[in-house]
Amino acid sequence: MRSVNIADLKNNLSRYLDEVRQGEEVLVWNRNLPIAKIVPLSTGDEEEELLDLAAQGLLSLPEKTKGFPKDFFTAPLPKVKVDALKLLREERDDR
């Protein structure tokens, strides 16, 4: 893995990106502290990478849901009788 400070990275970005394209990883340092790592993008299965990251505890996968009911987007909205002006006045009176 190549280590580089920010100034050198800025001055030679194309060279470092070429190295990343060839599979090299670049660790970026700022004032003697590592702040980032530039790694090549995988051309493989992204889902497998996500599962690996989840196994390492670096991200959480979304919970499986059953989804929306079939008529969720087409069902008519229920009719509700609300006096909007009355609600607005009540809210303003609370201030």
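Residues numbered from 1 in each chain as written. Predicted model: local features only at pLDDT ≥ 70, side-chain atom pairs only at ≥ 80, totals over all residues. Heavy atoms only, no water.

1. Topic: unusual backbone geometry
One can expect most non-glycine residues to show negative phi and most peptide bonds to be in trans. Quick reminder of the rule: Helix numbers and strand numbers start at the N terminus; a helix is a DSSP run of H or I with at least 4 residues, a strand a run of E with at least 2. Exposure is judged per residue with a 1.4 Å probe applied to protein chains only, and the accessible area is read against the type maximum: over 50% gives exposed, under 20% gives buried, and values in between give partly exposed.
Even without being glycine, Arg-31 reaches a positive phi, approximately 50 degrees. By secondary structure assignment, the location of Arg-31 is in the loop between β2 (26-30) and β3 (33-38). Although it is not a glycine, Asn-32 sits at a positive phi angle of roughly 65 degrees. Structurally, Asn-32 can be placed in the loop between β2 and β3. Residue Asn-32 is classed as exposed on the basis of its relative accessible area, which comes to 70%.

2. Points about the pattern of salt bridges
Which entries qualify depends on this criterion: Whenever a carboxyl oxygen of Asp or Glu lies within 4 Å of a side-chain nitrogen of Lys or Arg, that contact is scored as a salt bridge.
Applying the stated criterion across every chain yields a total of four salt bridges. Residues Glu-25 and Lys-37 are paired through a salt bridge, measuring 3.7 Å at the closest nitrogen-oxygen approach. Of the two residues, Glu-25 sits in the loop between α2 (13-21) and β2 while Lys-37 sits in strand β3, which places them 12 residues apart along the sequence. Taking the relative accessible area as the measure of exposure, Lys-37 reaches 47% and is therefore partly exposed. Within the structure, one salt-bridge network assembled from shared partners comprises Arg-2, Arg-15 and Glu-19.

3. With respect to the side chain of Glu-19
The following threshold applies: Residue contacts follow a heavy-atom distance rule, with two residues in contact if any of their heavy atoms lie within 4.5 Å.
Tracing the sequence through the fold places Glu-19 in helix α2. We classify Glu-19 as buried; its relative accessible area is 14%. Residues contacting Glu-19, with those up to four places away along its chain left out, are Arg-2 and Glu-24.

4. Quick word on a nonpolar patch on the surface
The condition that has to hold: Patch building starts from residues that exceed 30% relative accessible area and form no salt bridge, then joins like charges within 9 Å and nonpolar side chains (Val, Leu, Ile, Met, Phe, Trp, Tyr) within 5 Å. Under the convention used here, a 1.4 Å probe and the Shrake-Rupley method define accessible areas, while residue burial counts only the protein chains that appear.
Judged by side-chain polarity, Leu-50, Leu-51, Leu-53, Leu-58 and Leu-61 come together as a nonpolar surface patch covering roughly 440 Å² of accessible area. Here Leu-50 is to be found in helix α3 (residues 46-55).

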